[in-house]
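Letter by letter, the chains look like this.
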Amino acid sequence: MDERATLRLLAGELSHAGDDAAVVEGLAITTDMLHETTDFPAGTTRYTAGWRAVGASLSDLAAMGGEATAAVAVYAAPEFDGEVVREFVTGASDVCEAVGGAYVGGDLDTHEEFTVATTAVGTCEEPVYRSGARPGELVCVTGTLGRSAAALRLFECGEHGRANDLFRFEPRVEAGRVLAPHAGAMMDSSDGLARSLHQLAEASDCGFSIESTRVPIDEAVRELAESEEEALEMGAFFGEDFELVCTLSDEELETVRNALATPVTAIGEVTEAGVAMDGEPLSDRGFTHG
């Protein structure tokens, strides 16, 4: 079974599974695992690894409309270097502080490959699920897409400083809180825009129709891509951008735009069935956790 099939199986067994985080009596909790070979390209600093690993779990809280309280991490590596571990903890602490939470510790273990498992908790009195999208709503995304794809290309070219900067995304916790009272459905784009739309469509029993020219591609992608087609590929299918994908009415979109510094872009609308871009079926491709 692949990851998505396994998740569907578990969702049938676990009543709180199936969204970015579980919410139990106002407590939101989520966990993630990242590995060096699949998640941290050569050149990724331990500071960036700490920021990104914990940020991934904080992004899950954001997708539910929750407030971040605290995060912990398991740090596993073949050996421990005090300064390297300190850099990781500083990155983890800084990303928590950026969204109003706290990094409060974790566990150390030896492992043949650098691996991080993170857990974030927060409060979420009125969570937004993936299942609330309705035909006629707009489908919107926060920020820009393709930063991680651009970062990977820069890592490969040896431009590690700029690559690390792009890899340290801002978890959209504030945006999630503002969007929560207005959004019909919401999730983060860690698996990529295209795959996120397919996941929302499955959860909400609906469809989506988006326009490629409205997808907000990051400027770093524009600089590195050799064509519009390549830029769209990096922005719509690569994933790991951790922006929010949500559905809103026209009026609600204007309300949240007035309340947020983070850009929110309408890229299409919710339909009865099918997931399409520019009138053609949109393939269900994106990031796959190895």
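The name given to the chain in an unreviewed UniProt entry is Thiamine-monophosphate kinase, and the organism recorded there is Halalkalicoccus tibetensis. Here is the UniProt Catalytic activity (unreviewed entry) comment for the chain, exactly as written: "thiamine phosphate + ATP = thiamine diphosphate + ADP". The chain has a UniProt comment under Sequence similarities (unreviewed entry) that states "Belongs to the thiamine-monophosphate kinase family."

Examining the pattern of salt bridges
Tallied over the entire structure, the rule returns 13 salt bridges. The residue Glu 254 makes a salt bridge to Arg 257 at a minimum N-O spacing of 3.3 Å. Highlighted residues: Glu 254 and Arg 257, both in helix α11 (residues 250-259), separated by 3 residues, approximately one helical turn. The exposure class assigned to Glu 254 is partly exposed, which follows from its relative accessible area of 40%. Judged by its relative accessible area of 36%, Arg 257 is partly exposed. Each of the salt bridges in this network shares a partner with another, and the network as a whole consists of Glu 170, Arg 172 and Glu 243.

Looking at the side chain of Asn 164
Assignment of secondary structure puts Asn 164 in helix α6 (residues 160-167). Within the structure, Asn 164 has its side chain in polar contact with the side chain of Thr 48 (distance 2.8 Å). In terms of polar contacts, Asn 164 uses its side chain to reach the backbone carbonyl oxygen of His 160, at 2.7 Å. Setting aside its immediate chain neighbours within four residues, Asn 164 contacts Gly 43, Thr 44, Thr 45, Thr 48 and Phe 155.

Rules used in this analysis
- Residues numbered from 1 in each chain as written.
- Predicted model: local features only at pLDDT ≥ 70, side-chain atom pairs only at ≥ 80, totals over all residues.
- Heavy atoms only, no water.
- UniProt positions renumbered as here; feature names shortened; annotations may be inferred.
- Salt bridge = Lys/Arg side-chain N within 4 Å of Asp/Glu carboxyl O.
- Helix = DSSP H or I, 4+ residues; strand = E, 2+ residues; numbered from the N terminus.
- Buried < 20%, exposed > 50% of the residue type's maximum accessible area, 1.4 Å probe, protein only.
- Polar contact = N/O pair within 3.5 Å; in protein donor to acceptor, adjacent residues only side chain to side chain.
- Contact = heavy atoms within 4.5 Å.

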